[in-house]
Amino acid sequence: MEPAWRQPGRGRGRGRGGSSVAPENAVPRAPRDKGVQTPGASADGGPRPGRGRGGTAAGVLEPISDKELSTQARFEEIRRSNQAVAQKLTETQYSSSSDEEGEEEEDGKQGKILASTFTTYTNQSGGDITDLERTRQYLNDAFQSGAITCLICIASVKRNQAIWSCSGCYCIFHMPCIQKWAKDSIFLVSSVTDEDFGKKEHPWPCPKCRFEYKPHQTPNRYYCYCGKVEDPPLDPWLLPHSCGQVCDREFKPSCGHRCLLLCHPGPCPPCPKMVTVTCFCKKARPVPRRCSAKSWSCKQTCGRRLPCGQHPCQSLCHEGDCQPCPRVSTQRCLCGRSVAERLCASPVWQCEQVCGRTLSCGNHTCERVCHRGPCGECPRSGNRACPCGKSKCSLPCTEDVPTCGDTCDKVLECGLHTCSMRCHRGACETCRQEVEKQCRCGKHTKRMPCHKEYLCESKCTKTRDCLRHLCKRKCCPGNCPPCDQSCGRALGCRNHKCPSVCHRGSCYPCPETVDVKCQCGATVLAVPCGRERATKPPRCKEICRNPPTCHHASRERHRCHFGTCPPCQQACQRVLSKCGHVCPAPCHDEVMLKKTVKPQLAGPWEQPPEPVFVQTALPCPPCQVPIPQACLGNHEVSPLPCHAVGPYSCRRPCGRLLACGNHTCARECHSVTLPDRTEDKQKAGKECHQCEEGCSCPRPPGCPHPCPLPCHSGDCPSCTQMIRLKCHCKITSLFVECLKITTADNETKRLLGSCKNQCPKQLQCGHRCKETCHPGSCVGICSQKVKLRCPCKRIKREYPCFKAHEGLVVVECDEACKDLQKKASEMKEAEEKAAIEEEKRRQQAELEAFEKRLKGRRKKTKRNNEVDIKETAWQKYKMYIMVPVCGFLLAVATFYLIQAN
């Protein structure tokens, strides 16, 4: 059947009985049906004379032109190329099982790369990776296809694309996208806020976290995550966009250590170093802890002195300053009249009573609330001014100052006019003068009272900060409010419009999500809107329900997938004809075989055809059912494949006992012939080796010396060699017979290892042990007398050492000691005060002497610096000489150039 574009249609003028004649070089039409011949065509498909479609008798067709032949050849070439592309797509179509295997291999590869990235960190933390979950999530997203999306262009970030990572939220963007974003943000802010455009430096924000960067921080080069390598090369065994070196960035918060992971995205994990730190209150002993969690509490009472200066802190060991003292004490107010129970942390307080004490004038009382110190002078004493402030007079504090009778002249609330009333008490009245007032926007004027505001009815024609809509506010002074309309611009997903209030710059990414479903629709993956076409469908855990195509009754269980089902992997289970076993091989009813065709090529310009895959059924493989078969030396019975059953060697040593009775035959598994034809598996035969080794009988426990006899049967003689040992105190060398030391019990060994001298070790108190040489640590109570003194070293007494060491006895100071300490401290304070006074006098004397010397030096320096500099003749007249000379040289050069042209 011909293609649709070459079949005859029912166009205008066809099928009618008109007088149209076929054009020259017309191509014959193919019949619509094989069983019906078209008028004007013979039974063999060629043209024949007769009536054409138009019903004319002169419709004889002429040969095909060169143009028609070239068109037909091009069509055939396109058809063949389309068939080749379709065949290639069919061959490269992979099943769900191969997809799962590929994903598993990819997961294994990713696991190796992640393990190599975390190696340095886990070596420091002892294999603990509990603090790496957040970093592991960033690395997994970096591996997964489509997991990292540029929020500016809503496209996937690929391995070979230049990127930039935000230092605040660690979000990844394409390098061209973030450069355009920064440029547009700076331009929009400058165009609105700058009066002289482009003169100020405005920051630009991160598209996700709005972390602000300065203009010079705009990225212009592609670096790895740690910033060491510019344009990192693409390596399939490293993280994408990683240099593979140690990160070496400082931890946040800074602790002095650096990150130990390989170059990675996202934030660095907590510091894994071990440091020795003490608790918050500094009482506990320093303990080794992880640097990221080095702050710890010993749970003991803090005990530090509180700000009140009276009580210690009763809270458990805590961080930072202590809380205010929670205790309550009886305290007086500032004036001393009231007494109340208040917190110890706030001893200064005021009661609500007015002071009420008589002032120095004797006529008035203090009106201040509870205060400390003197009340001060009477506020009505001294020179006082009249209400308008123009005249002053001195009157007793009991009399009020009279008005002066002059004009008030105070500035009214309008700020333009003054009060016209006579000097008066109280506030001035409202300004009622009529003035020519300008409206708020400055377009109209009107005469009206000064205290009223004039607003015109004209609407503002400026654009708001969104740069899209007009202000339209009545009498707007120029500070237009923010735009309150909806943005409505198309988002990057091309599916929705921006729902935010009208704004400047680029819109935020689309907040909507789209569901990407699997083949059966049971598994759904929510992706950002606009990414549904580029996102790979999710893995579905449902079972595929397609019927089987082989001889099995049901298909192997596998998950939902796109495309054709994977080949059947079930056991064949057909009965073999030779041995009667069941075929255990995977199903081989539908196997794709590569069929290679080698046709005769017309020349080197022709390409060989691509191989063709044919689906065929293969015969069952040889039987692999295991059959038990003993080896030549009867060492083992191994299962051999059914088609390869026969005598074999297991490759083990023979192992039969030789005539010496101590060693076995070391030959590889071989056949054995016994002289008495018995079936003893332990007895050596004629084919076995002869024993040529020394004695290998086990020695007594603890004896390191070998047997002096050759290989023999029976027990070895007793060992009589001497062994050199160190005594228990490791000072004296002892020589003991080997037999005695190996056959002795624990008590005998202890006696043999003792040198009978006094033990040289020291007890915990520092005195020497009194026992004879013994093993282990010294245990005992030291009864030696030691001297103890009181804290001031005045009283001295003797006690047994163990009591002093365990803290059972303490020598305390008496009253005489305390008196001596008090006198010593008073003398020390008097000496320090005298030394401070002497130092101040000495410094004052030195300062006065230095100022005197400095005044004398300044006068001398001023006279020496006055030097006259005379100007030379060349410096005076050089401008008058050089200008004519340069003009003459320029004229000569111009004339020379004109002549040359």
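Treat the numbers as computed from the prediction; the structure is a model and nothing was measured.

A. The arrangement of a nonpolar patch on the surface in detail. The grouping of Trp874, Tyr877, Met879, Tyr880, Ile881, Met882, Val883, Val885, Phe888, Leu889 and Val892 at the surface amounts to a nonpolar patch, some 1,200 Å² of accessible area in total. In this fold, Tyr877 is placed in helix α9 (residues 873-900). With a relative accessible area of 49%, Tyr877 lands in the partly exposed category.

B. Examining the pairing of strand β14 (residues 445-449) more closely. As judged from the 5 bridges shared by strand β13 (residues 434-438) and β14, these two strands associate in the antiparallel manner. Among the inter-strand pairings, Lys437 is bridged to a residue of β14, identified as Lys446. As consecutive antiparallel partners, β13 and β14 are separated by 6 residues, and within that stretch Gly442 has a phi angle of approximately 85°, a positive value.

C. Spotlight on the UniProt feature "transmembrane region" (unreviewed entry) in the protein chain. Under the local residue numbering, the UniProt record ascribes the feature "transmembrane region" (unreviewed entry) to residues 879-898. The annotated region residues 879-898 carries 100% helix and 0% strand content, and the separation between its end C-alpha atoms amounts to 29 Å.

D. Layout of the packing of aromatic side chains. Taken as a whole and judged by the stated rule, the model has 5 aromatic pairs. With centroids separated by 5.1 Å and ring planes inclined at 75°, the aromatic side chains of Phe211 and Tyr213 adopt a geometry described as edge-to-face. On the basis of relative accessible area, Phe211 is assigned to the partly exposed category, the value being 40%. Here a set of aromatic residues connected by ring pairs shows up, and it is made of Trp164, Phe173, Trp204, Phe211 and Tyr213.

E. The side chain of Thr149, seen in detail. Topologically, Thr149 is positioned in strand β1 (residues 149-150). The contacts of Thr149, once residues within four sequence positions are left out, are Ile154, Ala155, Val157, Ile172 and Arg531.

F. Fine view of unusual backbone geometry. Here Lys252 and Pro253 are connected by a cis peptide whose omega angle stands at 0°. With respect to the helices and strands, Pro253 occurs in the loop between β6 (212-213) and β7 (274-277). With phi around 60°, Tyr170 is a residue other than glycine that occupies positive phi space. Among the structural elements, Tyr170 can be located in the loop between β3 (163-165) and β4 (172-174).

G. Region of the structure containing α9. Here α9 spans 41 Å end to end across 28 residues, near enough to the 40 Å set by a 1.5 Å rise per residue. The principal kink in α9, of about 40°, is found at Met879. Counting buried positions along α9 yields 0 of 28 residues, so the element is predominantly exposed.

H. Just the environment of Leu412, in detail. In this structure, Leu412 sits in the loop between β12 (392-394) and β13. With relative accessibility at 12%, the residue Leu412 sits in the buried group. For Leu412 and Thr430, which are 18 residues apart along the polypeptide, the C-alpha to C-alpha distance reads 7.2 Å. Among all residues touching Leu412, those that are not within four sequence positions of it are His417, Thr418, Cys419, Cys428, Glu429 and Cys431.

Calculation rules
Residues numbered from 1 in each chain as written. Predicted model: local features only at pLDDT ≥ 70, side-chain atom pairs only at ≥ 80, totals over all residues. Heavy atoms only, no water. Patch = residues over 30% accessible without salt bridge, like charges linked within 9 Å, V, L, I, M, F, W, Y side chains within 5 Å. Areas by Shrake-Rupley, 256 points an atom, 1.4 Å probe, with all protein chains shown as cover. Salt bridge = Lys/Arg side-chain N within 4 Å of Asp/Glu carboxyl O. Helix = DSSP H or I, 4+ residues; strand = E, 2+ residues; numbered from the N terminus. Buried < 20%, exposed > 50% of the residue type's maximum accessible area, 1.4 Å probe, protein only. Pairing = 2+ DSSP bridges. UniProt positions renumbered as here; feature names shortened; annotations may be inferred. Phe/Tyr/Trp six-rings, centres within 6.5 Å; stacked < 30°, edge-to-face > 60°. Contact = heavy atoms within 4.5 Å. Expected span 1.5 Å × (residues − 1). Bend = angle between axes of the 7 residues up to and from the residue.

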